[in-house]
Amino acid sequence: MYVGALELDVLLGDVHSLKQKRSLVRPVLAELRRRFDVAVAEAGHLDLHRRALLGISCVAADPGHVTAVLDRCERLVAARPELELLAARQRMLGPEDD
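Computed from a predicted structure; not experimentally measured. (Residues numbered from 1 in each chain as written. Predicted model: local features only at pLDDT ≥ 70, side-chain atom pairs only at ≥ 80, totals over all residues. Heavy atoms only, no water.)

Asks: I would appreciate a short explanation of the state of the cysteines in the present structure.
Replies: Here is the idea: a disulfide is a covalent bond, and it sits between the sulfur atoms of two cysteines. Evaluation of the coordinates by the stated rule reveals 0 disulfides. For C58, which is in no disulfide, the shortest distance to another cysteine sulfur is to C73 and amounts to 7.5 Å. (Disulfide = S-S within 2.5 Å.)

Below is the structure:
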């Protein structure tokens, strides 16, 4: 079993409140869940209205599949015009990790 985790640090466009932030982030999270069948959450920068840290995870028997799914998730977020991807960090845990 392989578990992959992806952290995406994003900058939001013209957002002036946490309510506006949620209205931009929530549809992105829902689309990631729907299209890629991954676990996803807003995992950081909760009190900042122009930043969001998105956490995405995937579990599979093949490490190549995990990497491919997380790469597609990153590309989807990077392609969103209302978001600017500042940083991406991907990690993998496998059977040899304790």
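Asks: Help me out: how do you make sense of the pairing of strand β3 (residues 51–60) in this one?
Replies: The alternating pattern of β3 places A52, L54, I56, C58 and A60 on a buried face and R51, L53, G55, S57 and V59 on a face that is not buried. In this sheet, β3 lies alongside strand β1 (residues 2–12) in antiparallel orientation, the contact comprising 10 bridges. Each bridged residue has a counterpart across the sheet, and for L11 the counterpart in β3 is R51. Pairing geometry for strand β2 (residues 39–44) and β3, over 5 bridges, is antiparallel. Bridge assignment links V40 to a residue of β3, and that residue is I56. (Buried < 20%, exposed > 50% of the residue type's maximum accessible area, 1.4 Å probe, protein only. Helix = DSSP H or I, 4+ residues; strand = E, 2+ residues; numbered from the N terminus. Pairing = 2+ DSSP bridges.)

Asks: Explanation requested: helix α1 (residues 18–36) in the structure shown.
Replies: In an α-helix, one turn spans 3.6 residues; hence positions three or four apart end up facing the same way. With 19 residues, α1 extends 27 Å from end C-alpha to end C-alpha; this agrees with the ideal 27 Å at 1.5 Å per step. Positive backbone phi, at 55°, marks D37, one or two positions downstream of α1. (Expected span 1.5 Å × (residues − 1).)

Asks: Hey, could you run me through helix α2 (residues 63–79) in this one?
Replies: Taking 1.5 Å of rise per residue, 17 residues should cover 24 Å, and α2 covers 24 Å from first to last C-alpha, within 8% of that figure. When we look at burial in α2, the residues that qualify are V66, V69, L70, C73, L76 and V77. On an axial view of α2, the arc spanned by its buried residues comes to 115°, and they lie on one face. Exposed positions of α2 whose direction lies more than 90 degrees from the buried face are R75 and A79. In this structure, the buried residues of α2 make contact with β1, α1, β3 and β4 (83–93). (Arc of directions from axis to C-beta. Contact = heavy atoms within 4.5 Å.)

Asks: Would you mind going over the sheet that holds β3 with me for this structure?
Replies: Hydrogen bonds between backbone atoms are what pair the strands of a sheet, whose relative direction is either parallel or antiparallel. One open sheet holds the 4 strands; their spatial order is β2-β3-β1-β4, and the pairing between them is antiparallel. Edge positions in the sheet fall to β2 and β4, since each has one partner strand and no second. Along the sheet, successive strands turn relative to each other by an average axial angle of 20°, direction set aside. Sitting on the sheet, α2 touches β1, β3 and β4, and the angle it makes with β1 is about 10°. (Axes fitted to C-alpha atoms, helices over the stretch in contact; angles between N-to-C directions.)

Everything listed here is a matter of geometry and, on its own, says nothing about what the molecule does.
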